[in-house]
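Here is what each chain is made of, one letter per residue.
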Amino acid sequence: MAPKKGDVPGRTIISDNRKARFNFEIEDTLEAGIELKGTEVKSLRNGKANIAESYAAEYGGEIWIYNVYIPEYLQANRFNHEPRRPRKLLLHKREIGKLAGAVQKEGKTIVPLKLYFNDKGRAKLELALARGKKLHDKRETEKKRDWQREKSRLMKNLG
């Protein structure tokens, strides 16, 4: 999959987490740099990455992103990286404090939305502070539907 041009001029989107917008109620977004090593940059330039199952968390006064899949770069066999290693996000202390405080005090989640190259060619990650959506409980509707069927059968047999 080749990188695609983003909706913002100069942005080349590598990976988009559409599932996050469906599962979470997004309240605030911010941009963070991502610390990459060795061949990870070359893999990203080829447009190969996936952030669909990734999440971010605070550890040791820093924000780390876990489970981002950046595949190995085949031409650099010997110097390859681990595809799902934790990666540090590059943020200012104030932003780290804001994110960590929202997670601890308000129970929010740090969700990665997009992985892209900005107009200067630097890999960036769009993060969101989000709250989980309350999913509809299907069991209640199934119970109602089954009761309506049973009721109609009983009425049909009585009448």
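Residues numbered from 1 in each chain as written. Predicted model: local features only at pLDDT ≥ 70, side-chain atom pairs only at ≥ 80, totals over all residues. Heavy atoms only, no water.

S.K.: Even after reading the chapter, I still don't get the packing of aromatic side chains, so can you show me in this structure?
M.R.: Where two aromatic rings form a pair, the distance of their centres and the angle of their planes describe that pair. Within this structure, the stated rule accounts for one aromatic pair. Relative to Y66, the ring of Y55 lies with its centre 5.4 Å away and its plane at 25 degrees, an arrangement referred to as stacked. Taken as a pair, Y55 in strand β4 (residues 55-59) and Y66 in strand β5 (residues 62-66) lie far apart in primary sequence, 11 residues in all. Taking NZ or CZ as reference, R11 lies 4.0 Å from the ring centre of Y116, over its face. Residue placement shows R45 over the ring face of F117; its charged tip is 4.2 Å from the ring centre. (Phe/Tyr/Trp six-rings, centres within 6.5 Å; stacked < 30°, edge-to-face > 60°. Helix = DSSP H or I, 4+ residues; strand = E, 2+ residues; numbered from the N terminus. Lys NZ or Arg CZ within 6 Å of the ring centre and 35° of its normal.)

S.K.: Explanation requested: the pairing of strand β6 (residues 87-90) in the structure shown.
M.R.: The side chains of a regular strand alternate between both faces of the sheet. Burial along β6 is one-sided: the residues R87 and L89 are buried and none of K88 and L90 is. As defined by bridge partners, strand β3 (residues 24-34) adjoins β6 across two bridges and the pair is classed as antiparallel. In the strand pairing of β6, G33 is matched with L90. In terms of strand pairing, β5 meets β6 through two bridges, oriented antiparallel. For I65, the partnering residue across the bridge sits in β6 and is R87. (Buried < 20%, exposed > 50% of the residue type's maximum accessible area, 1.4 Å probe, protein only. Pairing = 2+ DSSP bridges.)

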